[in-house]
Amino acid sequence: MSEPSDRVLIIVPAWNEARSVGGTVREIRSGNPLYDIAVIDDGSTDDTAEVARQAGAIVLQLPFNLGVGGAMRTGFTYAQRHGYTRVIQVDADGQHNPSDIERVLDGLERADISIGARFADVGDYTVRGPRRWAMIVLAKVVSRVAGTTLTDVTSGFRAANERAVAQYVRYYPAEYLGDTLDSLVAACHAGLTVTQVPVAMRPRVHGTPSQSPVGAAIYLLRSVVALTLAIMRRPSRKAVAA
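Residues numbered from 1 in each chain as written. Predicted model: local features only at pLDDT ≥ 70, side-chain atom pairs only at ≥ 80, totals over all residues. Heavy atoms only, no water.

Enquirer: Let's hear about the pattern of salt bridges: which residues, and what values?
Expert: Inspection of every chain in the model, using the stated rule, returns six salt bridges. Between Arg 118 and Asp 152 there is a salt bridge whose closest N-O contact spans 2.6 Å. Of this pair, Arg 118 sits in the loop between strand 5 (113-117) and helix 5 (129-146) while Asp 152 is found in the loop between helix 5 and strand 6 (158-161), placing the two residues 34 residues apart along the sequence. Under the relative-accessibility criterion, Arg 118 is labelled buried at 12%. A relative accessible area of 2% places Asp 152 in the buried class. (Salt bridge = Lys/Arg side-chain N within 4 Å of Asp/Glu carboxyl O. Helix = DSSP H or I, 4+ residues; strand = E, 2+ residues; numbered from the N terminus. Buried < 20%, exposed > 50% of the residue type's maximum accessible area, 1.4 Å probe, protein only.)

Below is the structure:
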């Protein structure tokens, strides 16, 4: 387990990721054995939980699929109850490079939330068409809300300090893009600060995301709706601990 004075928890939300989660957990552990790793098995119907457990992770199993937002809120609640001072999300599919974990965590020295940004002059990760247009617009709007320049506000590779964890335990939406956009905007409205750190994303270990023109157009429309609702919703600042 991590040292009590600076306990780091890696939260890995996983839904039917039996083919990749074991390798992800082992790679994280090989990078820094002091990290504690909690895999949130989000109602998987395969052997995700058992594979993660055999790889050495703490496994929290949800009875049914809640989505990334529900899984992450479970992880943040666990982190708060067990006294972790820093928490970072790492996806189970292998896209987030464990070698960048410490770099993203270091961003917490100057902000409450640190985002591993895919579009900050590091790596060759690219997105084109309507999906990329949406990301640019979302980044510009959220940058104004956050009071700092952000280029990748939909990245799930992000770290949180104790103040941010407390905010996420109180409010971390499960709806589409809520775990990225809505949670970030709500945190800014609550007075938390945000920074970003350039990282390079890797290809998924298994499976391929949908990149069809129709899917990209739907992403654009849903992103605009999600951001509009996030900005309109303003949780009370009194929730944030000093």
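Enquirer: With reference to specific residues and values, describe the pairing of strand 3 (residues 58-62).
Expert: Sheet topology note: the strand 2 (residues 36-42)/strand 3 ladder contains five bridges and is parallel. Directly across from Asp 41, in strand 3, lies its bridge partner Gln 61. This β-α-β element, strand 2 to helix 2 (residues 48-54) to strand 3, shows right-handed connectivity. (Pairing = 2+ DSSP bridges. Right-handed = clockwise from strand over helix to strand, strands pointing away.)

Enquirer: Please provide a residue-by-residue account of the packing of aromatic side chains, values included.
Expert: Summed over all chains, the structure comprises four aromatic pairs. Ring geometry for Phe 76 against Tyr 168: centres 4.8 Å apart, planes inclined by 40°, an arrangement best described as tilted. Here Phe 76, found in helix 3 (residues 67-81), pairs with Tyr 168, found in helix 6 (residues 162-170); they are 92 residues apart in sequence, far enough to count as distant. Overall, the relative accessible area of 5% leaves Phe 76 in the buried class. Look at Tyr 168 and you get buried, because its relative accessible area is 2%. (Phe/Tyr/Trp six-rings, centres within 6.5 Å; stacked < 30°, edge-to-face > 60°.)

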